[in-house]
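Descriptive structure summary
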Amino acid sequence: MYEFLNQLLSNSYGIYILCLASYLIGSISGSMLLGSFKGIDIRSKGSGNAGATNALRTVGPLFALGVIFIDVLKGFIPVYIIIHCTTEYLELYKVLIASFAVLGHVYPIYYKFKGGKGAGTLMGVILALFPQSFIYILLSWLIILIFTGYVGLSTILAGISFVITTYFLYDPNLGFGIFTTPFGFFTLGVALFLIFTHRENIKRMLNGSENQFKKIMIFKK
């Protein structure tokens, strides 16, 4: 398979084909797929988002766990496959394929371009691209969630922690030069993209109407 992928990437059109394939895989929505077996359109419930958080709040933990598994897997698989290639410009290609998987999740072609907010699929992408940072990102997400109860805020700050861990762990010899590389641009893009996809959450937090996950909070009002 890798010989085929290397040959494909040696052609000028090869990366376009793989980016399209990654986008189509990313467009498979875990919540919509599982919801079809239960006769549920998750976008008609709760916040209207097709991600795992809305699935947890409106359908339940088992359903949400299945959604997370599918959403993580569809980010992990395309990137994990490509990282074993030996073609030129591999770092750029990994970042492009990762980006298209996330775009597919947020703007799925199968569901009228209305999907999730990118967090689940980004988890799979990070596990494949840079697993050393995953535990730090997960811990930052969990700690913020425990103290604030805001899933959106936790996700935004976890995206920022991705930038920080990239600076310290990816290649310490590069310093801030890491952010001039394709992977560095990707981490900055991830942080900004998560802010963009959670813009409505930010508005609700500012006006005090955002839902809190109070069951996990340490300090409750």
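Residues numbered from 1 in each chain as written. Predicted model: local features only at pLDDT ≥ 70, side-chain atom pairs only at ≥ 80, totals over all residues. Heavy atoms only, no water.

1. Considering the overall build of the protein chain
Counting its regular elements, the protein chain contains 11 helices and 0 strands. When the helices and strands of the protein chain are placed in sequence order, the string is α-α-α-α-α-α-α-α-α-α-α. For the protein chain, the C-alpha radius of gyration of 18 Å lies close to 17 Å, the compact-globule estimate for 221 residues. Along the longest, intermediate and shortest principal axes, the C-alpha atoms of the protein chain span 55 × 45 × 25 Å. The buried share among the 221 residues of the protein chain stands at 47%. Nonlocal contacts in the protein chain, meaning residues at least 24 apart in sequence, comprise 65% of its contacts between residues at least 6 apart. When the accessible surface of the protein chain is totalled, it reaches about 11700 Å², and 69% of it is carbon and sulfur. Charge separation in the protein chain, taken as the distance between the mean sites of 16 positive and 8 negative side-chain charges, equals 19 Å. (Helix = DSSP H or I, 4+ residues; strand = E, 2+ residues; numbered from the N terminus. Rg over C-alpha atoms; globule rule 2.2 N^0.38 Å. Buried < 20%, exposed > 50% of the residue type's maximum accessible area, 1.4 Å probe, protein only. Contact = heavy atoms within 4.5 Å. Areas by Shrake-Rupley, 256 points an atom, 1.4 Å probe, with all protein chains shown as cover. Lys, Arg positive; Asp, Glu negative; His and termini not counted. Charge placed at Lys NZ, Arg CZ, Asp CG, Glu CD.)

2. A closer look at the nonpolar core
One finds Val125, Leu129, Phe162 and Phe186 to be the most contacted residues of the largest nonpolar core, which totals 20 residues. Every element with two or more residues in this core is listed here: α6 (90-106), α7 (119-129), α8 (134-148), α9 (151-170) and α10 (182-197). Excluding residues that lie within four positions of it along the chain, Phe162 makes contacts with Ile126, Phe130, Ser133, Ile137, Phe183, Phe186, Thr187 and Val190. Formed by 11 residues, the second largest nonpolar core is a distinct cluster that contains Leu9, Ile15, Cys19 and Leu90. (Core = buried A, V, L, I, M, F, W, Y, C linked by side-chain atoms within 4.5 Å.)

3. Here we look at the confidence of the model for the protein chain
A residue-level look at the protein chain finds 98% of positions with pLDDT of 70 or above and a mean pLDDT of 89. When the elements of the protein chain are averaged for pLDDT, helix α1 (residues 2-9) gives the smallest value, 76, and α10 the largest, 95. (pLDDT = per-residue confidence, 0-100.)

4. Concerning the side chain of Thr165
Position of Thr165 relative to the elements: it lies in helix α9. Every residue in contact with Thr165, bar those within four places of it in the chain, is listed here: Phe130, Ser133, Tyr136, Ile137 and Tyr170.

5. Comments concerning the packing of aromatic side chains
Counted under the stated rule, the structure contains 13 aromatic pairs. What links up through ring pairs into an aromatic cluster is the set Phe130, Phe162, Tyr170, Phe183 and Phe186. The residue whose ring lies beneath Arg199 is Phe196, and the NZ or CZ to ring-centre distance is 4.1 Å. (Phe/Tyr/Trp six-rings, centres within 6.5 Å; stacked < 30°, edge-to-face > 60°. Lys NZ or Arg CZ within 6 Å of the ring centre and 35° of its normal.)

6. Considerations on the side chain of Ser27
Position of Ser27 among the secondary structure elements: in the loop between α2 (14-26) and α3 (30-38). Setting aside anything within four residues of it in sequence, one finds Ser27 in contact with Gly104, His105, Tyr107, Pro108, Ile109, Tyr110 and Tyr111.

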